[in-house]
Amino acid sequence: MKANPQPVNARKSPMHTDFRIRYSGLGWILCALAFAVGCLSPAVHKNVPAFASAVTLATENTKSAFDVVEQEYENVQAERIVVNYDREGFNPNMVKQFLGPEDLEVRLALLDALQHYASTLAEVSGDKQLDQFDDKTRALGSSLQSLTKTAAFQRLVTSSAMEVNIAATAINALGQWFIERKRQQQLPRLISDMQEPVRRTAELLQADIGSAPDDHGHGGHGLREQLWNEYTQAALQQVAFIDHNKDHMDPASKAEAIKKLPQLVRQRALADQTLKQTQVTLSKLVEAHSALLRAVQSKTDIQAEFSALIGEGQRIKSFYDSLQKKG
Amino acid sequence: MDQTQQEVHDAFEELYQSLTEAYWVASTITDKDRLRGAADAVYDIVTALNQADIKSRSQDYVTLKDQVIVVNKKLTAIQTDIDSIIHTMGVASGVVQAISKALDFGGKFFI
C-alpha cells in the first residue's frame, strides 16, 4: 500500500520545530543576559513616585508658607496705617515687604531644580522608555515581515516569519539590556550624590520655617515666630480700631469687628500648625529620598529575583506573542 | 541661628509678649495706645531679626541649587542616551520600510 504523500507543511514541520527550539533557546539566553546585568529593583519603581510626590508636596507647602507670612505681614501693615492714620497719615515708605524678591527667588529656584530632578528621575527609571522601545522594535518586526513578503525579496532570500520574529525579539532583548545596563550603572551613583543636597535643602527650609515662641517668648524664630507675631499684631490693631471707633459704630459693625478677635487667635494657632506640618513634609522628603537610595542599591532577595526573572521572561514572551499575532 | 543670636531674639520676643499682655489688661485708651506703640516698635525689631536670619541662608540656597543642576544635567544625559537607543530602532524600522518599497517598485519595473 502506497503511503499518502505528506503535505508540504507537514514536511517542513520538523525543520520549524528545530528552529523554534534553537531560537527560543537564543531568546532565553538573551533574557538571562539581561537578568545577569540586573534590572532596577521593583522597589525603585515604587519609591521614585513616592519621592516625586514628596518633592511636589514640600514645594507647594513651602511656597504657601512664605506666601501666608508675606500676606499677613501686608495685612498688619494696612491695619496699622488705618489705626494710626489720624496721627501719622500715610507715607509710601510705610509699605514694605517681609522678604525681598531675590531671597524668595533663590528658594523657589532650588525647589524647582529639585522638582526637575524628581520628574527626570521618574522618567528615566520608569517603564515609559522601555514601552517606547518595545513599540519601535515591534514596528521593526512588522517592517521586516512586510519586506519578506515582497516578491523581489523572496527571490533573493528565503526567510520565514518565525525567523523574523525571533530576530526582532533578540534585538528587543539586547536593546532592553543596553537600557537597563545604563540605568543600573548610573542611577545609584546620582541618587547617592543627591542625598546630601536633599538633606541640606530640607534642613535650610526647616530653619527658615523655624519655631513659634513659647509662653515666655523663648525659642521662637523664622516664619513661625513671624506669623505668630503677625496674628498678635493683627489682634492688637483690631482692638485699637474698635477702641477708637466704638462710639461711632453701629451695633452690627461693632459686633462684626469684635467677632474677628477670637477668629484671629484661632487662626494664629492653625497657621502655626500648618507651618509645623510643612516641616514634617520636608522630613518625609529626606526619608523618601533615603528609601530611594536603599532601593536602588539593594540586591533583591531570591523570591524577588525569581519574580523579576519571571516578570522579564513574561515581558519577552508577551512581546514575542505580539509579533506572532501580527505576523 | 547660634546661641547668642537666639538669646537676643528671645530677649526682644519676651519684651514683645510682656507688652502685648500688658495691652490686653490696660484699662484706658491712653495706656493702651502707649503700650501698642511700644509693642509695634518691638514687633518691627523682631521682624528685622527674622528677616536677617532668613536672608543669612540665601547664599546656601544658591550653592545647593548649583549642585542639583549638575546632577540634573547628568540625569538628562542618561535620558538622552536611552532616547537615542529608541530612536535608532525607529530609524532601522524606517530603513526596512524604504527597502521594502524600493524592492516593490524595482520588481514592477525590472523583473
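Residues numbered from 1 in each chain as written. Chains lettered and ligands numbered in written order. Predicted model: local features only at pLDDT ≥ 70, side-chain atom pairs only at ≥ 80, totals over all residues.

Draft legend 1. Region of the structure containing the overall build of chain B. Tallying secondary structure elements over chain B gives three helices and zero strands in all. Along its sequence from the N terminus, chain B presents helices and strands in the succession α-α-α. Its C-alpha atoms give chain B a radius of gyration of 36 Å, more than 25% over the compact-globule value 13 Å for 111 residues. Over its C-alpha atoms, taken along the principal directions, chain B stretches across nearly 115 × 30 × 15 Å. (Helix = DSSP H or I, 4+ residues; strand = E, 2+ residues; numbered from the N terminus. Rg over C-alpha atoms; globule rule 2.2 N^0.38 Å.)

Draft legend 2. Region of interest: the overall build of chain A. Of the regular secondary structure elements, chain A holds ten helices and zero strands. For chain A, the residues scored as buried account for 32% of the 327 residues in total. A separation threshold of at least 6 residues defines the contact pool for chain A, and within that pool the share at least 24 residues apart is 82%. (Buried ≥ 20, exposed ≤ 12 C-beta atoms within 10 Å, placed from the backbone. Contact = placed C-beta atoms within 7 Å.)

Draft legend 3. Quick peek at the packing of helix α8 (residues 222-245) of chain A against helix α1 (residues 3-25) of chain B. Where α8 of chain A contacts α1 of chain B, the axes come no closer than 11 Å and their chain directions differ by 20°. By the angle class used here, α8 of chain A and α1 of chain B are roughly parallel. Crossing handedness for the pair α8 of chain A and α1 of chain B: left-handed. Contact with α8 of chain A, carried on its side by E225, N229, T232 and L236 of chain A, involves E13, Y16, T20 and Y23 of chain B of α1 of chain B and no other residues of that element. Among the residues forming the contact of α8 of chain A with α1 of chain B, the class breakdown is three nonpolar, three polar and two charged. (Axes fitted to C-alpha atoms, helices over the stretch in contact; angles between N-to-C directions. Parallel < 35°, antiparallel > 145°, perpendicular 65-115°, else oblique. Left-handed = near helix turned anticlockwise from the far one by under 90°. Nonpolar A, V, L, I, M, F, W, Y, C, P; charged D, E, K, R; others polar.)

Draft legend 4. The arrangement of the confidence of the model for chain A in detail. A residue-level look at chain A finds 71% of positions with pLDDT of 70 or above and a mean pLDDT of 79. Of all the helices and strands in chain A, helix α1 (residues 8-37) of chain A carries the lowest mean pLDDT, 50, while α8 of chain A carries the highest, 97. (pLDDT = per-residue confidence, 0-100.)

Draft legend 5. Spotlight on the environment of I191 of chain A. Residue and element names in this part refer to chain A. Its place among the elements puts I191 in helix α6 (residues 161-193). Judged by the 27 C-beta atoms lying within 10 Å of it, I191 is buried. With 103 residues separating them along the chain, I191 and R294 place their C-alpha atoms 9.8 Å apart.

Draft legend 6. Spatial organisation of the packing of α1 of chain B against helix α2 (residues 29-55) of chain B. Residues and elements named next belong to chain B. Orientation of α1 relative to α2, taken along the N-to-C sense of each, is 155°, at an axis distance of 9 Å. As far as their axial angle goes, α2 and α1 are roughly antiparallel. The interaxial crossing formed by α1 with α2 has left-handed handedness. Contact residues: α1 offers H9, F12, E13, L15, Y16, L19, T20, A22 and Y23, while α2 offers K32, L35, R36, A38, A39, V42, Y43, I45, V46 and L49. Of the residues that constitute the contact of α1 with α2, the class distribution is 14 nonpolar, two polar and three charged.

Draft legend 7. Geometry of the interface of chain B and chain A. Of the residues lining the interface, 57 residues belong to chain B; the matching set on chain A comes to 60 residues. Elements with a minimum of two residues in the side of chain B that touches chain A: α1, α2 and α3 (58-110) of chain B. Among the elements that take part in the side of chain B that touches chain A, α3 of chain B stands out by supplying 32 residues, more than any other. Residues that form the side of chain B that touches chain A fall into these classes: 25 nonpolar, 18 polar and 14 charged.

Draft legend 8. Representation of the nonpolar core in the model. Counting residues in each nonpolar core, the largest one holds 62 residues, and the members touching the most others are L114, Y117 and L285 of chain A. The element that contributes the greatest number of residues to this core is helix α2 (residues 42-88) of chain A, accounting for ten residues. Non-local contacts of L114 of chain A, meaning those with residues more than four positions away in its chain, are made with V55 and T201 of chain A together with V68 of chain B. (Core = buried A, V, L, I, M, F, W, Y, C linked by C-beta atoms within 7 Å.)

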